[in-house]
Amino acid sequence: APGPARPGTKRLPRAIVVGVKKGGTRAVLEFIRVHPEVRALGTEPHFFDRNYHRGLEWYRSLMPRTLDSQITVEKTPSYFVTKEAPRRIFNMSRDTKLIVVVRNPVTRAISDYTQTLSKKPDIPTFEGLTFRNRSLGLVDTSWNAIRIGMYAVHLESWLQYFPLSQIHFVSGEKLITDPAGEMGKVQDFLGIKRVITDKHFYFNKTKGFPCLKKSEGNGLPRCLGKSKGRTHVQIDPEVIEQLRDFYRPYNIKFYETVGQDFRWE
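Residues numbered from 1 in each chain as written. Predicted model: local features only at pLDDT ≥ 70, side-chain atom pairs only at ≥ 80, totals over all residues. Heavy atoms only, no water.

### Re the state of the cysteines
With the rule as written, the count across this model stands at 1 disulfide. The partner cysteine of Cys211 in its disulfide is Cys223, sulfur to sulfur 1.9 Å. Judged by the sign of its S-S torsion, about 100°, the cystine formed by Cys211 and Cys223 is right-handed. You can see Cys211 sitting in strand S11 (residues 209-212) and its partner Cys223 sitting in the loop between S11 and helix H10 (237-258), a full 12 residues away along the chain. Look at Cys211 and you get buried, because its relative accessible area is 1%. (Disulfide = S-S within 2.5 Å. Helix = DSSP H or I, 4+ residues; strand = E, 2+ residues; numbered from the N terminus. Buried < 20%, exposed > 50% of the residue type's maximum accessible area, 1.4 Å probe, protein only.)

Right, dumping it as structure tokens:
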């Protein structure tokens, strides 16, 4: 026999974690869903990039049930680099709150490559994919792992539809060193009480990042899956230096636009 119907209503999300891949989006989602006023969709629906043709009702049907006092949240990190996503989200609701988790674009690219390599061991080297011409220092911006980290470029599309006040930037680095501080700002941005604090976290030395002492719905500790905290591939320091030079102007423009220095230099 079916169990009792769950209370609440399926609603379109009021907040979306729109990016970026390998920035710390899963951590933000897992941390914020501990909050009693937040209900989050666990999987990435990819509605505003791959499944838009299915319509808003399909999208709504995926959402968890919420009470009037709760906020629905979803996360799909590829939205940030999808040209159509800002307009599509705006058309759903111009009041949608957007969360972007960013980290040093060089480490982000290496992390991205490391993840791909674990699935496709025969791909070219990081160096081979990074440069169109290494001796001239020409970086291949068509490679997704490089392109994603050009945050200032992607942000322009979002600012055509949403004011900066509706976009909150989380530092992927601070999410590791000070998870409670970063999540405090996320809770403020969402307009909910600061419930998630230092007492929710402990540092997992093996993984090298914070874990939750208790996860949503049960009293067990919760660490992110084995795909998180992988040891990065060793990259030639000279390649890293060239990439830092490449990203510097984009980083500076990004800091100036959002009014926040992420200290990636």
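### Focus: the packing of helix H1 (residues 25-32) against helix H9 (residues 179-190)
Here H1 crosses H9 at 70°, and the two axes come no closer than 11 Å. Classed by the angle they form, the pair H1 and H9 counts as roughly perpendicular. Residues Val28, Phe31 and Ile32 of H1 form the contact with H9, whose participating residues are Pro179, Met183, Val186, Gln187 and Leu190. (Axes fitted to C-alpha atoms, helices over the stretch in contact; angles between N-to-C directions. Parallel < 35°, antiparallel > 145°, perpendicular 65-115°, else oblique. Contact = heavy atoms within 4.5 Å.)

### Some words on the pairing of strand S9 (residues 167-171)
A large share of S9 lies buried, amounting to 5 of its 5 residues. Neither face of S9 is open: one carries Ile167, Phe169 and Ser171, the other His168 and Val170, and all of them are buried. Here 5 bridges tie strand S6 (residues 97-102) to S9, and the two strands are oriented parallel to one another. Its bridge partner being in S9, Val101 is matched across the sheet by Val170. (Pairing = 2+ DSSP bridges.)

### What about the pattern of salt bridges?
Scanning the entire structure with this criterion turns up 16 salt bridges. Residue Glu57 pairs with Arg60 through a salt bridge whose shortest N-O separation is 3.3 Å. Taken as a pair, Glu57 and Arg60 lie in helix H2 (residues 56-62) at a separation of 3 residues, close to a single helical turn. When its relative accessible area of 27% is taken as the criterion, Arg60 is described as partly exposed. Across the pair Lys253 and Glu156 runs a salt bridge whose closest N-O atoms are separated by 2.6 Å. Within this pair, whereas Lys253 is found in helix H10, its partner Glu156 is found in helix H7 (residues 151-159), the two being separated by 97 residues in sequence. Residues joined by salt bridges that share partners form a network here, namely Glu127, Arg134, Asp236 and Glu238. (Salt bridge = Lys/Arg side-chain N within 4 Å of Asp/Glu carboxyl O.)

### As for the environment of Leu98
Looking at the element boundaries, Leu98 is found in strand S6. By relative accessible area, Leu98 is classed as buried at 0%. Spatially, the C-alpha atoms of Leu98 and Val18 are 6.4 Å apart, while their sequence positions differ by 80 residues. Sequence-distant contacts of Leu98, defined by excluding residues within four places in its chain, comprise Ile16, Val18, Ile89, Trp158, Phe162, Gln166, Ile167, His168 and Phe189.

### What about the UniProt feature "active site" (unreviewed entry) in the chain?
As recorded in UniProt, the sites labelled "active site" (unreviewed entry) are Lys22. Inspection of the secondary structure assignment puts Lys22 in the loop between strand S2 (15-19) and H1. (UniProt positions renumbered as here; feature names shortened; annotations may be inferred.)

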